[in-house]
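Now for the letters of each chain:
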Amino acid sequence: MVYDPALATDLDPRFSTMSLFNALAHTTAVLWAPQSEEQADRAVRTVGRILQGLEALADDPTSLHARALAAHAAFFAAGFLEEAPLLFHHRVAHALGGTFDAPHAAAHTAALPYTLGYNGAALPRAMERLGPVLGDDPPARLHDGKQLVLVRQYGVERRRVGGVERTRRVLP
């Protein structure tokens, strides 16, 4: 795998953003059953790196610095692929992807805030570890992260209306 930010500057920012949510899914999976405190600490630091990359891409997807932050985060997240089992979140994301013919990273992006909330209720220590980088409500922070990217890059907003999530254009 090549992590070269210059090669990614022309990449559709939606693909980059969704890929970082996929990286988040693999990184947070480590926290459900960490093999050591050191591993859990690395995962939390990697989540922080991924969030920096997401925010930088939302601000300016053509920025070489933003792409470098994203590549750096993806590199660290890739290290967890062999360290964590693919649990509940991955099963949900893959079922969504297969059922709706959704791209792999898009399914992870859609599912992660919800599966994190579901898993987090049963795993308070994992949520506590995420607190320093995701705040008091990690699922809401990830949902807000998706919202941030959608509004800044594409001028759309997702909101709940009568129990149904809707998308609307908010920028000219």
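Residues numbered from 1 in each chain as written. Predicted model: local features only at pLDDT ≥ 70, side-chain atom pairs only at ≥ 80, totals over all residues. Heavy atoms only, no water.

S.K.: Summarise the overall build of the chain; cite the residues concerned and give the values.
M.R.: A count of helical and extended segments in the chain gives eight helices and two strands. Relative to its full complement of 172 residues, the chain shows a buried share of 43%. In the chain, 63% of the contacts between residues at least 6 apart in sequence involve partners at least 24 apart. (Helix = DSSP H or I, 4+ residues; strand = E, 2+ residues; numbered from the N terminus. Buried < 20%, exposed > 50% of the residue type's maximum accessible area, 1.4 Å probe, protein only. Contact = heavy atoms within 4.5 Å.)

S.K.: Lay out the packing of aromatic side chains with the relevant residues and their values.
M.R.: For the structure shown, the criterion picks out two aromatic pairs. Centroid distance Phe 75 to Phe 76: 5.4 Å. Interplanar angle 80°. Geometry classified as edge-to-face. Assessed through its relative accessible area of 49%, Phe 75 is described here as partly exposed. Sitting over the ring of Phe 76, Arg 49 keeps its end group 4.0 Å from the ring centre. (Phe/Tyr/Trp six-rings, centres within 6.5 Å; stacked < 30°, edge-to-face > 60°. Lys NZ or Arg CZ within 6 Å of the ring centre and 35° of its normal.)

S.K.: Go over the pattern of salt bridges, please, and point to the residues and values.
M.R.: In total, this model carries five salt bridges according to the counting rule given. The shortest N-O distance in the salt bridge between Arg 125 and Glu 37 comes to 3.7 Å. With Arg 125 in helix H7 (residues 124-134) and Glu 37 in helix H3 (residues 37-59), this residue pair connects regions lying 88 residues apart in the sequence. The exposure class of Arg 125 is partly exposed, given its relative accessible area of 39%. Classification of Glu 37 by relative accessible area gives partly exposed; the value is 45%. The shortest N-O distance in the salt bridge between Arg 42 and Glu 83 comes to 2.8 Å. Here the residue Arg 42 occupies a position in helix H3, and Glu 83 occupies one in the loop between helix H4 (64-78) and helix H5 (88-100), the gap between them amounting to 41 residues. Of the residues examined, Glu 83 reaches a relative accessible area of 25% and is grouped as partly exposed. (Salt bridge = Lys/Arg side-chain N within 4 Å of Asp/Glu carboxyl O.)

S.K.: Got a sec to walk through the nonpolar core? Specific residues and values, please.
M.R.: Ranked by size, the top nonpolar core spans 31 residues in total, and within it Leu 24, Ile 50 and Leu 142 carry the most contacts. Sorting the residues of this core by element identifies helix H2 (13-32), H3, H4, helix H6 (104-122) and H7 as the ones contributing at least two each. Residues in contact with Ile 50, not counting those within four places in the same chain, are Leu 20, Ala 23, Leu 24, Thr 27, Ala 73 and Ala 77. (Core = buried A, V, L, I, M, F, W, Y, C linked by side-chain atoms within 4.5 Å.)

S.K.: Mind laying out the packing of H2 against H3, listing which residues take part and the relevant values?
M.R.: The relative placement of two packed helices comes down to the angle between their axes together with the axis-to-axis distance. It is the contact of H2 with H3, at a shortest axis distance of 9 Å, that shows an interaxial angle of 165°. Taken together, H2 and H3 sit at an angle that is classed as roughly antiparallel. Along this stretch, H2 crosses H3, giving a crossing that reads as left-handed. Within the contact between the two elements, H2 uses Ser 16, Thr 17, Leu 20, Phe 21, Ala 23, Leu 24, Thr 27, Thr 28, Val 30 and Leu 31 and H3 uses Gln 39, Ala 40, Ala 43, Val 44, Thr 46, Val 47, Ile 50, Gly 53, Leu 54 and Leu 57. Looking at the contact of H2 with H3, its residues break down into 13 nonpolar, seven polar and no charged. (Axes fitted to C-alpha atoms, helices over the stretch in contact; angles between N-to-C directions. Parallel < 35°, antiparallel > 145°, perpendicular 65-115°, else oblique. Left-handed = near helix turned anticlockwise from the far one by under 90°. Nonpolar A, V, L, I, M, F, W, Y, C, P; charged D, E, K, R; others polar.)

S.K.: Run through empty space enclosed by the protein, naming residues and quoting values.
M.R.: A complete count under the given rule lists two cavities of 30 Å³ or more for this structure. Mapped by element, the contributors of at least two residues to the lining of the largest cavity are H2, H5 and H6. Among the residues making up the lining of the largest cavity, the classes are represented as seven nonpolar, five polar and no charged. (1 Å grid on protein atoms, 1.4 Å probe; cavity = no way out; pocket = protein on both sides within 12 Å on 5 of 7 lines; lining within 4 Å. Points joined across faces, edges and corners; volume = space filled by probe spheres on them.)

S.K.: Could you give an account of the side chain of Asn 119, naming the residues involved and the relevant values?
M.R.: Inspection of the secondary structure assignment puts Asn 119 in helix H6. Residue contacts for Asn 119: discarding those within four places in its chain leaves Trp 32, Phe 88 and His 89.

S.K.: Quick rundown of the side chain of Thr 28? Include the residues and the values.
M.R.: With respect to the helices, strands and loops of the structure, Thr 28 is situated in helix H2. Those residues in contact with Thr 28, other than ones at most four positions away along the chain, are Val 47, Leu 112 and Leu 130.

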